[in-house]
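Notes for the structure review
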Amino acid sequence: LSTLLLCRLPLPPPPLSRPRSLLRPPYRSQICSSLCSPAFLPPNHAPRHVAPLLKRQQELQNLDGFEEEPPTHVPVLLQDVLEAFRGRKLGLFVDCTLGAGGHACAIVREHPEMETFVGLDVDPLAHTVASPNLQAAVDFRSTNSTTNSHLKVHLFRTNFRNIKCKLEQLELNLAQRGVDGILMDLGMSSMQLDAAERGFSLQKDGPADMRMDPLLNLKADDILNSWPEAEVARLLREYGEESRWRHFAQKIVEARLAGGIHSTSQLLEVIHNSISRKVSGRQGWKKSAIRIFQALRIAVNDELESLTEALSDAFTCLAPKGRLVVISFHSLEDRIVKQFFLKAIDEGHKYDQDSDQHLHIPGQTRYNNYRKRARGEGEGRKNIIEGNCAIILTKRPVVAGMDEIAINRKSRSAKLRVLEKK
């Protein structure tokens, strides 16, 4: 009976047949026409033998991972910067990295009691862009403010490591008055990345320059074509934190035999050809390119030494209850800022971090002297570290939210730290 029932069941429908044109691979002429077409299929939908060619063309055309910045400069973590200075009287304020003036204009409008504003930036283009923006903010302030205080604006084209020297030139009586607020935004502005002739962009071909100050003598071209291989390897290891630093240094030196590296496109080509596909993985060469560009930029502009000197002098210039706000964008900068804050809160940054003055007590370290506030005093107190000389208001750095990252992708790596002097 079961055999008879099975015989009466309907058979399954036959599989759908596909056209023969979809089964056979495309001709060579079809591949060439698809590559030349601006609207070709993405690699994950293309045939297996065509996908590598399409993916390579997309990398050369778009360099996915080096997103092009919007033409207008968007200040990073603006609301968090305003919140750090909100409710405080800023009679004297210093913006150590003026840039396009995005943070500065917002702070000027937010604080009508401000009497003196000092802006520092080594880039002449920054002063050209920021000056009219600041003037508009001052006019808005004078129109909408109920106070009669007149704002004095002083702009200096200098590195922020000279903050103490420039403030002393203004004869502001820092010994008695001090600075109420200082801001350092260590990131690069969009106007610097958009200028191909500056050599900062990985998308736009330009000379291997990378100077923030056009008056500097050292260029990235000099490092790439004249420095010894050991020195090139050292800066790739220390400033770029590149794991294949020795290999890239060797390839850069070898490129000198073929005429040297004098443009950003030539440098990208050397980096791309130096990594095999198996070693690099997905977008591996692009991440290495970002790290190598960072190392060259730091070496040309002496950024880390400038930051160390600027932090020390800025803390010295702060008035009691004055605040120092720093926005960093990579681990080297953030590490320097974090270590300086930990030193400054307890010893007034007067001792060397390698000193033996804390090692004579068993179990005592240089981090044991600061006093953490009790966790039961409030939820906001958990992020505060209090010492004898200052208070760290951001034990964990402030980072951008998803909404801000969607608007400004540059903010995804930003970290904000705040230090208040006692």
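Just so you know, the residues in each chain are numbered from 1, in the order the chain's sequence is written. Predicted model: local features are reported for residues with pLDDT of at least 70 only, side-chain atom pairs are reported and counted for 80 or more only, and whole-chain, interface and lining totals are derived from all residues. Hydrogens are left out, water is left out, and the side-chain values use all remaining heavy atoms of the structure.

Looking at the packing of aromatic side chains
Stated precisely, the cut-off is as follows: The aromatic pairing rule takes the rings of Phe, Tyr and Trp, using the six-membered ring of Trp, and pairs them if the centres are within 6.5 Å, calling planes under 30 degrees apart stacked, those over 60 edge-to-face and the rest tilted. Only protein chains enter the accessibility calculation, which uses a 1.4 Å probe. A residue is then buried if its area is under 20% of the maximum for its type, exposed if over 50%, and partly exposed in between. Note on conventions: DSSP H or I runs of at least 4 residues are helices, E runs of at least 2 residues are strands, and numbering of each starts at the N terminus. Over a ring means this: the NZ of a Lys or the CZ of an Arg is within 6 Å of the ring centre and within 35 degrees of the ring normal.
Taken as a whole and judged by the stated rule, the model has four aromatic pairs. Here Phe85 and Phe93 contribute two aromatic rings whose centre-to-centre distance is 5.3 Å and whose plane-to-plane angle is 90°, an arrangement assigned as edge-to-face. Of the residues examined, Phe85 reaches a relative accessible area of 1% and is grouped as buried. Seen in terms of ring centroids, Phe93 and Phe117 are 6.1 Å apart; in terms of plane orientation they differ by 20°. Their pairing is stacked. Here Phe93 is found in strand β1 (residues 92–95), whereas its partner Phe117 is found in strand β2 (residues 116–120), with 24 residues between them in sequence. Classification of Phe117 by relative accessible area gives buried; the value is 0%. One residue, Arg109, lies across the ring of Phe140, its end atom 4.7 Å from the ring centre. Looking at Lys421, its charged tip hangs above the ring of Phe315, at a distance of 5.1 Å from the centre.

Comments concerning the nonpolar core
For clarity, the threshold we go by: In this description, a nonpolar core means a group of buried Ala, Val, Leu, Ile, Met, Phe, Trp, Tyr and Cys residues linked to one another through side-chain atoms lying within 4.5 Å.
With 37 residues, the main nonpolar core has Leu235, Leu236 and Leu296 as its most contacted residues. The set of elements that each furnish at least two residues to this core consists of α10 (220–226), α11 (229–238), α12 (245–254), α13 (264–273) and α15 (284–301). Grouped together as the second largest cluster of nonpolar side chains are 33 residues, Phe160, Leu311, Leu318 and Leu324 included.

Looking at the confidence of the model for the chain
Selection rule: For every residue, the predictor reports its confidence as pLDDT, a number between 0 and 100. Whether two residues touch is decided by their heavy atoms; if any such pair falls within 4.5 Å, the residues are in contact.
Per-residue confidence for the chain gives a mean pLDDT of 79, with 71% of residues at or over 70. In the predicted structure, residues 15–71 sits below a pLDDT of 50 and forms 59 contacts with residues beyond four places in sequence or in another chain. Of the regions scoring below 50 in pLDDT, residues 348–379 engages in 44 contacts with residues more than four places distant in sequence or in other chains.

Quick word on unusual backbone geometry
The backbone of Met210 shows a phi angle near 65°, a positive value even though the residue is not glycine. Position of Met210 relative to the elements: it lies in the loop between α9 (190–194) and α10. For Met210, a relative accessible area of 2% puts it in the buried group. For Glu241, which is not a glycine, the phi torsion comes out positive at approximately 50°. Residue position: Glu241 is located in the loop between α11 and α12.

Overview of α15
Keep this limit in mind: Residue count minus one, scaled by 1.5 Å, sets the expected span of a helix.
Helix length check: α15, at 18 residues, gives a terminal C-alpha distance of 26 Å against a target of 26 Å (1.5 Å per residue), a fit within 8%. In the stretch just after α15, Asp302 is the one whose phi turns positive, near 50°.

Structural notes on the environment of Arg86
Heads up, the rule is: In protein, a polar contact requires one atom able to donate a hydrogen and another able to accept it; more generally it is a pair of N or O atoms within 3.5 Å, and residues adjacent in sequence count only if both atoms are side-chain atoms.
By secondary structure assignment, the location of Arg86 is in the loop between α5 (78–85) and β1. For the pair Arg86 and Ile107, spaced 21 residues apart in sequence, the C-alpha to C-alpha distance is 9.2 Å. Setting aside chain neighbours within four positions, we find Arg86 in contact with Gln79, Glu110 and His111. At 2.7 Å, the side chain of Arg86 forms a polar contact with the side chain of Glu83. Side chain to side chain, Arg86 and Glu110 meet in a polar contact 3.0 Å long.

Examining the packing of α15 against helix α16 (residues 303–317)
The condition is simple: Between the N-to-C directions of two axes lies an angle of 0 to 180 degrees, each axis being a line fitted to C-alpha atoms and, for a helix, fitted only over the stretch in contact. The labels follow the angle: roughly parallel below 35 degrees, roughly antiparallel above 145, roughly perpendicular from 65 to 115, and oblique for the rest. Basically, the charged four are Asp, Glu, Lys and Arg, the nonpolar ten are Ala, Val, Leu, Ile, Met, Phe, Trp, Tyr, Cys and Pro, and anything else, Gly included, counts as polar.
Packing of α15 against α16 leaves a shortest axis separation of 6 Å and a crossing angle of 55°. With respect to their mutual orientation, α15 and α16 come out oblique. Note on element contacts: α16 touches α15 through Glu303, Leu304 and Ser306, opposite Arg297, Ile298 and Asn301. Among the residues making up the contact of α15 with α16, the classes are represented as two nonpolar, two polar and two charged.

Regarding the side chain of Ser306
Inspection of the secondary structure assignment puts Ser306 in helix α16. Given the relative accessible area of 1%, Ser306 is considered buried. Among the polar contacts made by the side chain of Ser306, one reaches the side chain of Arg161 at a distance of 3.0 Å. At 2.8 Å, the side chain of Ser306 and the backbone oxygen of Asp302 are in polar contact. In contact with Ser306, not counting residues within four places along its chain, are Asn159, Phe160, Arg161 and Asn301.

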